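These are the residues of each chain, in order.
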Amino acid sequence: MSVAVTKSRYQSEEFSARLRRRYAAERRFRIAGMVAVGIASLMLVVLLGSIVSKGYTAFWQAQIRLEVTLDKQHVEERNYTAIVRQALYAQVPAATDRATRRSLNDLLSSGAPYELEAMVNANPSLVGTTQTVWVRADDEIDQFMKGFIRRDVPESERRLNDVKIAAIDALVANGSIRSTFNTTLFTAGDSREPEQAGILGAVVGSALTLVVTMLLSVPIGIAAAVYLEEFAPKNRWTDLIEVNINNLAAVPSIIFGLLGLAVFLGFFGLPRSAPLVGGLVMALMTLPVIIIASRVALKAVPPSIREAALGVGASPLQTVTHHVLPLALPGILTGTIIGMARALGETAPLLMIGMVAFIVDIPGGLTDSATAIPVQIYMWADSPERAFTERTSAAIMILLAFLILMNGLAVFLRKKFERRW
Amino acid sequence: MSVQTHIPATAMPSRPAAGIHGTKMVARDVKVFYGAKQALKGINLEIQENRVMALIGPSGCGKSTFLRCLNRMNDTIENCRVEGLIALDGEDVYGKNIDAVQLRARVGMVFQKPNPFPKSIYDNIAYGPRIHGIASHRDEMDEIVQTSLQRAGLWNEVKDRLREPGTGLSGGQQQRLCIARAIAVSPEVILMDEPCSALDPIATAHIEELIDELRENYTIVIVTHNMQQAARVSQKTAFFHLGDMVECDDTEEIFTNPRDERTQGYITGRYG
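The sections below set out a description of the structure shown in this document. Keep in mind that what you see is a predicted model, and the values were worked out from it rather than measured.

1. Quick word on the overall build of chain B
Right, so step 1: The helix and strand inventory of chain B stands at 10 helices and 10 strands.
Right, so step 2: What you see for chain B is a C-alpha radius of gyration of 19 Å, in line with the 19 Å of a compact globule of 272 residues.
Right, so step 3: For chain B, the C-alpha atoms occupy an extent of roughly 50 × 45 × 40 Å along the three principal directions.
Right, so step 4: In chain B, once contacts between residues fewer than 6 apart in sequence are set aside, the share between residues at least 24 apart is 68%.

Structure below.
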């Protein structure tokens, strides 16, 4: 018996061609996806690379060694400038005439005499002795040492004249200039002098602002989300509220700044430039984000869990607090932290309430004048000194570090508390 | 949720003084609406104490809706409106004297899909007694957990891993855990909404045996799509069709000698 070999339609030439086209389409899609990911990664690398390559030098700072003679007369007159200058002239014996010496004065940071004064005040027994101290060099010397001011540029176009460069060479020759880790960057407030400027004031300002934001927006946001998702009747009013919350999340942040200016400063008369007001404004801004994220997390809890709890006689509130909320918590935390991270990086609303200001002191409380990290970045980026360029990048790196830390925390919490059902 | 009790007071069944199988729950002209859509068109039914009542019928006929009226789980559904009277021991469950939370402690429920809490086996059982303040000591709670698991026939399988998550059990074990959770609060009635539909035949046989044992202490109402199951576990069967309760009688009677031809059509598999 012979079996007639009939080809199924799925074995036909036409079908094979169709199959090949399908696979080709899939391959094209894959390649497009990989190219997209590649471009995105490349941009990220370029961005981070440019920030790091410009900013890493800010973590080092040139210092000059001085043999200071703390003679009694000068200390009593509090003429530390003279002490410092004498020590410097001693380091560069070649400089003897007035003009050269005057230009030598610019080698040291204008803060050097104050540093010395602080040292003597802390330890009065130093009076009358000769001490070896390392003081910060002026930012231009620092930049020269880092190679940002080039020797081969004609003197008329160079920011350091030949006399200063000769003096630096002399200092380098006898080992009186060194590069150390720039602790000032982390321990000082803002300053007009780059070598004396630090980010701490802005970090503290940001921290205080975020504390206010968190204390307000987290409980209010979660409570609002729980009410809207679990208890509120679904009617026209709650629909309206939902639409408005979604719209608020898309409102430009400067509008919240204007609102803060009008309401918190104008109506309630709260102090200008204060982290308290910054926090209030940021809380308004992050509330919709937290509410939306929390509602999504609550919605993702399977209804069978609610039924199970209600079925054994739990009240609606017990159902929410014992079962639904714990299960939704990882999602809520992620949303909250991402909202906080957004608030940390926000500048525009702070413009409106006066947190863009040159503030040297480190804020000690919620009503002290303060600024925030992104604002500090903006202000440094605006400064003409070459040394602020690298400090801007360094501040961006510090801000990014905080953001990565917060997002890492969000991922960690999600992994830790996430449960399967 | 609005309830209209326009039933005359005489229609309220009083609790029978004697009789092994007194009436536990009564439904009189129960109508349920989801928005404008009517899901139940006036159900009259009596559920007897310490017996198993099976609700059968094609999908969408309103069995589950009716079941969920008995412990007011329908309260949680938006737009759901219940009319008519449902009484537990002669008391209107939608009346002022009965609170939904209290009612659900008295009328427990087991759902179609096993839904243990994502907590330990122990906590799954202990949750109900804990919120109702049934156990005052740890020992007492341990006792309740053990008894409940024993009654649900799960004790021997899980006694060494009470601290492990309930979600890690097999499907059949999870469903027995849910039954143990329901009986831990000592309800009077247990409602089961297709409790075996997600289980294999062996696990199903387990649960069916269990239902038969539980009948001694509890009144059970079970919704099932499985006719053999209804025949095996129940003493009374009610056939639902398109929102009507067509017929309710002793299970044997329904399966051997149905009065309505729709019932006959359904149980013989002509449609459904």
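Once you've had a look at it, read on.
2. A short note on the interface of chain A and chain B
Right, so step 1: Contacts between the two partners involve 17 residues from chain A and, on the opposite side, 21 residues from chain B.
Right, so step 2: Listed by contribution, the elements that provide at least two residues to the side of chain A that touches chain B are α13 (303–311) and α14 (316–344) of chain A.
Right, so step 3: At six residues, the largest contribution of residues to the side of chain A that touches chain B is made by α13(A).

3. A few points about the sheet that holds strand β4 (residues 80–88) of chain B
All names here are of chain B.
Right, so step 1: Across the sheet, four strands lie side by side as β2-β1-β4-β5; this open sheet has antiparallel pairing. The open sheet is flanked by β2 (37–48) and β5 (91–92), the only strands paired with a single partner.
Right, so step 2: Note that strand β1 (residues 23–34) and β2 share nine bridges and pair antiparallel. Residue V32 lies in a different strand from β2, and its bridge partner there is L40.
Right, so step 3: Strands in contact with helix α1 (residues 63–70) are β1, β2 and β4; relative to β1, the strand with the most contacts, it is inclined by about 120 degrees.

4. A word on the nonpolar core
Right, so step 1: The biggest cluster of nonpolar side chains holds 83 residues, and the ones touching the most others in it are B:L55, B:I86, B:I190 and B:V221.
Right, so step 2: For this core, the leading source of residues is helix α6 (residues 171–184) of chain B, giving seven residues.
Right, so step 3: Each residue touching B:I190, except ones within four places of it in the same chain, is listed here: B:G108, B:V110, B:A182, B:I183, B:L214, B:Y218 and B:I220.
Right, so step 4: Ranked by size, the runner-up nonpolar core spans 64 residues in total, among them A:V212, A:M285, A:A293 and A:I337.

Reading the values: the criteria
- Residues numbered from 1 in each chain as written.
- Chains lettered and ligands numbered in written order.
- Predicted model: local features only at pLDDT ≥ 70, side-chain atom pairs only at ≥ 80, totals over all residues.
- Helix = DSSP H or I, 4+ residues; strand = E, 2+ residues; numbered from the N terminus.
- Rg over C-alpha atoms; globule rule 2.2 N^0.38 Å.
- Contact = placed C-beta atoms within 7 Å.
- Pairing = 2+ DSSP bridges.
- Axes fitted to C-alpha atoms, helices over the stretch in contact; angles between N-to-C directions.
- Core = buried A, V, L, I, M, F, W, Y, C linked by C-beta atoms within 7 Å.
- Buried ≥ 20, exposed ≤ 12 C-beta atoms within 10 Å, placed from the backbone.

These values are about where atoms sit, not about what they do.
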